[in-house]
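Descriptive analysis of the structure
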Amino acid sequence: MSEVLWLITAAALSFSGMAWLALAMEVHWGQVMHQHAEDATHARGWLRRLGATALPLSLLACLMADRPSMAALVWIMLLAGSAVAVAMVLSRRAHWLRPWCLTPAAAPAAR
């Protein structure tokens, strides 16, 4: 796979990991899903595990794209950028993170 595809994969995994870790928090779950976090403890546990898995996988994708010294730098920048991006989405358009909730309630209602 080309370097560009590995970096795109790393960016997607980094953003998804940060989104999943944010959605595992009670406040952000309620903000995005408009329901009490106690009702979704199982789903939030899965989101926490997914987030904790996606971030190291993004490091591996960075390592596949470049040499280790550059990959570590790119990974740290991706983590910071992803955290800021997720924070911005949560502050203005929290509903955009519903696809990352991985629950049937996350699907848009049929009209």
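Below you will find a few notes about this structure. Within each chain, residue numbers correspond to sequence positions counted from 1 in written order. With pLDDT at 70 or above as the cut-off, local features in this predicted model cover only qualifying residues; side-chain atom pairs require 80 or more to be listed or tallied, and sums for whole chains, interfaces and linings still use all residues. As a rule here, side-chain values cover all heavy atoms of the structure and leave hydrogens and water aside.

1. Points about the packing of aromatic side chains
Two numbers describe a pair of aromatic rings. These are the distance of the centres and the angle of the planes. Side-chain rings of Phe, Tyr and Trp, where Trp is taken by its six-membered ring, are said to pair if the distance between their centres is within 6.5 Å; with planes under 30 degrees apart they count as stacked, over 60 as edge-to-face, and otherwise as tilted. Taken as a whole, this structure holds one aromatic pair when the rule is applied. Aromatic pair Phe15 and Trp100: ring centres 5.4 Å apart, planes at 70°, arrangement edge-to-face. Here Trp100 lies in the segment after helix H4 (68-92) and Phe15 lies in helix H1 (residues 3-23), a separation of 85 residues in the sequence. Sitting over the ring of Trp46, Arg49 keeps its end group 4.8 Å from the ring centre. Helix and strand labels come from DSSP, where a helix needs a run of H or I of at least four residues and a strand needs a run of E of at least two; each type is numbered from the N terminus. Should the NZ of a Lys or the CZ of an Arg lie within 6 Å of a ring centre and within 35 degrees of the ring normal, that charge is described as sitting over the ring.

2. Quick word on helix H3 (residues 41-65)
Over its 25 residues, H3 runs 36 Å from end to end, which matches the ideal 36 Å to within 8%, given 1.5 Å per residue. Relative accessibility decides the category of a residue: with a 1.4 Å probe and only protein chains considered, values under 20% of the type maximum give buried, values over 50% give exposed, and everything between is partly exposed. Restricting attention to buried positions, one finds in H3 the residues Ala43, Arg44, Gly45, Leu47, Gly51, Ala54, Leu55, Ser58, Ala61, Cys62 and Ala65. Any pair of residues with heavy atoms lying within 4.5 Å of one another is described as a contacting pair. Among the structural elements, H1, helix H2 (26-33) and H4 are those in contact with the buried residues of H3. The span one expects for a helix is its residue count, reduced by one, times 1.5 Å.

3. A look at the side chain of Arg44
Along the polypeptide, Arg44 turns up in helix H3. His is not counted here, nor are the chain ends, while Lys and Arg score as positive and Asp and Glu score as negative. By definition, a salt bridge exists where a carboxyl oxygen of Asp or Glu is found within 4 Å of a side-chain nitrogen of Lys or Arg. Of the side chains with opposite charge, Glu26 lies nearest to the buried Arg44, which makes no salt bridge, at 4.2 Å. A polar contact of 2.9 Å, which involves the side chain of Arg44, links it to the backbone oxygen of Ala24. Counted as a polar contact is a pair of N or O atoms within 3.5 Å, where, for protein atoms, one must be capable of donating a hydrogen and the other of accepting one, and residues adjacent in sequence contribute only when both atoms are in side chains.

4. Some details on the packing of H3 against H4
Axis angles are defined between N-to-C directions and span 0 to 180 degrees, where every axis is a line fitted to C-alpha atoms and, for a helix, only to the segment in contact. Between H3 and H4, the least distance of the axes is 8 Å, while the angle of their chain directions is 140°. Judged on the interaxial angle alone, H4 and H3 are oblique. Crossing angle aside, the handedness with which H3 passes H4 is right-handed. Counted together, Leu55, Ser58, Leu59, Cys62 and Leu63 of H3 and Pro68, Ala71, Val74, Trp75, Leu78 and Leu79 of H4 form the full contact between these two elements. A class-by-class count of the residues in the contact of H3 with H4 yields 10 nonpolar, one polar and no charged. Working rule for angles: under 35 degrees goes down as roughly parallel, over 145 as roughly antiparallel, 65 to 115 as roughly perpendicular, anything else as oblique. A crossing counts as left-handed when the near helix is turned anticlockwise from the far one by less than a right angle, and as right-handed when that turn is clockwise. As a working rule, the residues Ala, Val, Leu, Ile, Met, Phe, Trp, Tyr, Cys and Pro are called nonpolar, Asp, Glu, Lys and Arg charged, and the rest polar, with Gly in that last group.

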